[in-house]
Amino acid sequence: MRTLVLKGKEAIEKGAELIASGEVVAFPTETVYGLGADAFNEEAVKKIFAAKGRPSDNPLIVHIADISALDGLAEDVSEAAKSVISAFMPGPITVIMKKSEKVPLSVTAGLDTVGIRMPSHVVAREFIKACGTPIAAPSANRSTHISPTSAEHVFEDMDGRIPLIIDGGDCEVGIESTIIDMSTDVPTILRPGAVTSEMLAEVLGAVKTFSGKVVVAKAPGMKYKHYAPSCETVVAKDVGSAVKAYDDAEEKGLKPVIIARSSTAEKLGGRTHIDLGSSDAEVCRNIYAALHRAEKIAGFIVCEHFGEKGVCGSVMNRVMKSAGGKIV
Ligand code: TXA
Ligand code: MG
């Protein structure tokens, strides 16, 4: 299969045509690129799992362009869920609610809940609107790979596996949406993101963050290894340990690289590094592109610890998974 990469109106028209004929299309969102299919077409949904190499017990998020689409998808929407939706949608959040009968079990991997997300990205919204159907979509990477934040990243993973990538440029947010489970009595964050627990607590009073051991995985994705670069990756707790890990790796003949924010990058004495920028938003926006580049140019990745405050906590959630939890 030849994989087209298109932009603008032509891309959206072609994308909608392909979705109507039961195909899979990659499209941009403000978080990461998604791999979409008609959520009501089970054959099309199967193609997503095949293209990604994703286990079928890992559910997909359903994307909508307008809040009115919620009606046919979710049931028992609580007042609390409504307040989260009105505060943060459209935007980088996925809300888990009880699913309606219309949502196929192949989308939710047999669960009686569904994750709903309304992206803020203009191209995503236009694409979903043109499709005229909710779009089931995971991130557009091969299973266990780093999520794509540009059309090029998608192409690297999906060339020959899907008919079309809609190119909408680089993703603004840069990490996947916050997932909040509103189907239970106590709202629980299943995956942290740019909508932080502090922001959610302001709307809900209190939220539970998912932490500790996964006994029964609520976000089934949690039991899979995620966001894994192809070479060893470690997190450095400070500049000194970053430099030491780098020098040790170099001595072993590995080609190391350090991923850091600008203020740290200045203190690395000319060692090979990728500078993410200075603000927390830039660190978040650029982290996946940095991991993508790092695995290409290096044989050993050292990533700075960005702290746990605000969106940095969400970034570290991803980086710690990349590093398999290894801190130096
Ligand atoms: O930002 C995002 O959320 C991106 C863009 C494309 O929208 N999508 C994304 O999808 O990251 P994915 O499939 O890579 O991650 C979705 C996660 C998975 O870990 C899945 O297990 C979990 O959401 N999930 C989906 N539906 C669920 C449900 N009903 N209950 C619990 N977890 C669910
Ligand atoms: Mg993913």
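Everything numeric here is computed off the predicted structure, so don't read it as measured data.

I tried to follow the sheet that holds strand β15 (residues 273–275) on my own but got confused; where do I start?
Paired through backbone hydrogen bonds, the strands of a sheet run either parallel or antiparallel to each other. In space, the four strands of this open sheet follow the order β13-β16-β14-β15, with parallel pairing throughout. Only two strands of the sheet have a single partner each, and these edge strands are β13 (232–236) and β15. Along the sheet, successive strands turn relative to each other by an average axial angle of 20°, direction set aside. Across five bridges, the pairing between β13 and strand β16 (residues 300–304) is parallel. Each residue of the ladder has a partner; that of Val234, found in β16, is Val302. Where helix α8 (residues 239–251) meets the sheet, its contacts fall on β13, β14 (256–260) and β16, and the angle it forms with β14 comes to roughly 160°. Together, β13 and β16 form the strand contacts of helix α11 (residues 311–322), whose direction differs from that of β13 by roughly 135°.

In this structure, what is going on with the site of ligand 1? I would like to understand it.
In the neighbourhood of ligand 1, 27 residues make up the surrounding shell, with Thr31, Asn58, His63, Arg117 and Ser177 lying closest. Within the side chain of Thr31, a nitrogen or oxygen atom sits 2.7 Å from an oxygen atom of ligand 1. Thr113 places a side-chain nitrogen or oxygen 3.1 Å from a nitrogen atom of ligand 1. Starting from 680 Å² of accessible surface for ligand 1 in isolation, the protein chains cover 97%. Contributing elements (two or more residues each) for the shell around ligand 1: β4 (61–63), β7 (113–117) and β11 (188–191). For the shell around ligand 1, the element with the highest residue contribution is β7, accounting for four residues. Of the residues belonging to the shell around ligand 1, the class tally is 13 nonpolar, nine polar and five charged.

Just to check I follow, could you spell out the packing of aromatic side chains for this structure?
For any pair of aromatic rings, the description consists of the separation of the ring centres together with the inter-plane angle of the planes. Inspection of the entire model under this criterion finds one aromatic pair. Measuring from centroid to centroid gives 5.2 Å for Phe27 and Phe127, while their planes differ by 40°, and the two rings are tilted. Placement of Phe27 in strand β2 (residues 25–27) and of Phe127 in helix α5 (residues 122–131) is noted, with a sequence separation of 100 residues between them. Residue class for Phe27 comes out buried when judged on its relative accessible area of 0%.

So what exactly am I meant to see when it comes to the pairing of β14 here?
The two faces of the sheet receive side chains in turn, since in a regular strand these alternate between them. Most of β14 sits out of view: five of its five residues are buried. Every second residue of β14 is oriented toward a common face, with Pro256, Ile258 and Ala260 on one face and Val257 and Ile259 on the other, all of them buried. One ladder, built from three bridges, connects β14 with β15; its direction is parallel. Residue Ile259 lies in a different strand from β15, and its bridge partner there is Ile274.

How should I be thinking about helix α6 (residues 151–158) in this particular structure?
Residues three or four positions apart in an α-helix share a direction because the helix packs 3.6 residues into each turn. Of the positions making up α6, those classed as buried are Ala151, His153, Val154, Asp157 and Met158. What you see down the axis of α6 is that its buried residues fit within an arc of 155°, all on one side. Lining the buried residues of α6 we find β1 (4–6), β2, β3 (34–38), α2 (42–52), β9 (164–166) and α10 (280–297).

Could you clarify how one ought to interpret the pattern of salt bridges in this entry?
Oppositely charged side chains can form a pair if their charged atoms are brought close together. The final tally for this structure, using the stated rule, is 13 salt bridges. For Lys46, the salt bridge goes to Glu43, with nearest N and O atoms at 3.1 Å. Here the residue Lys46 and the residue Glu43 both occupy positions in helix α2, the gap between them amounting to three residues, near one helical turn. Comparing Lys46 with Glu43, the two get one shared label, exposed.

Help me understand the environment of Ile180 in this model?
As for its placement among the helices and strands, Ile180 is situated in strand β10 (residues 178–181). Taking the C-alpha atoms as reference, Ile180 lies 9.9 Å from Val195; in sequence the two are 15 residues apart. Among all residues touching Ile180, those that are not within four sequence positions of it are Val84, Ile93, Thr94, Val95, Ile96, Pro187, Thr188, Ile189, Leu200, Leu204 and Val207.

Help me understand the confidence of the model for the chain, please; the structure alone is not making it clear to me.
Predicted coordinates in areas of low pLDDT are best not read in detail. The pLDDT averaged across the chain works out to 93; a share of 95% of its residues lies at or above 70. With pLDDT under 50 throughout, residues 212–218 is counted as low confidence; its partners more than four residues away or in other chains account for five contacts.

Is there a simple way to think about α8 in this case?
Compared with the 18 Å implied by 1.5 Å per residue over 13 residues, the 18 Å span of α8 between its first and last C-alpha is a close match. Restricting attention to buried positions, one finds in α8 the residues Ser241, Ala242, Val243, Ala245, Tyr246 and Ala249. Residues of α8 that are buried sit in contact with β13, β14 and β16. Positive backbone phi, approximately 85°, marks Gly253, located one or two places after α8.

Just to check I follow, could you spell out the packing of α10 against α11 for this structure?
Between two packed helices, the angle of one axis relative to the other and the distance separating the axes together describe the packing. Running from N to C, α10 and α11 cross one another at 20°; their axes reach a closest spacing of 9 Å. Taken together, the axes of α10 and α11 lie roughly parallel to each other. Our pair here, α10 against α11, has a crossing hand that is left-handed. Here Asp280, Val283, Cys284, Ile287, Tyr288 and Leu291 of α10 come into contact with α11, specifically with Val311, Cys312, Val315, Arg318, Val319 and Ser322. Across the contact of α10 with α11, the residue classes tally to nine nonpolar, one polar and two charged.

Rules of the game
Residues numbered from 1 in each chain as written. Chains lettered and ligands numbered in written order. Predicted model: local features only at pLDDT ≥ 70, side-chain atom pairs only at ≥ 80, totals over all residues. Heavy atoms only, no water. Pairing = 2+ DSSP bridges. Helix = DSSP H or I, 4+ residues; strand = E, 2+ residues; numbered from the N terminus. Axes fitted to C-alpha atoms, helices over the stretch in contact; angles between N-to-C directions. Contact = heavy atoms within 4.5 Å. Near = heavy atom within 4 Å. Polar contact = N/O pair within 3.5 Å; in protein donor to acceptor, adjacent residues only side chain to side chain. Areas by Shrake-Rupley, 256 points an atom, 1.4 Å probe, with all protein chains shown as cover. Nonpolar A, V, L, I, M, F, W, Y, C, P; charged D, E, K, R; others polar. Phe/Tyr/Trp six-rings, centres within 6.5 Å; stacked < 30°, edge-to-face > 60°. Buried < 20%, exposed > 50% of the residue type's maximum accessible area, 1.4 Å probe, protein only. Arc of directions from axis to C-beta. Salt bridge = Lys/Arg side-chain N within 4 Å of Asp/Glu carboxyl O. pLDDT = per-residue confidence, 0-100. Expected span 1.5 Å × (residues − 1). Parallel < 35°, antiparallel > 145°, perpendicular 65-115°, else oblique. Left-handed = near helix turned anticlockwise from the far one by under 90°.

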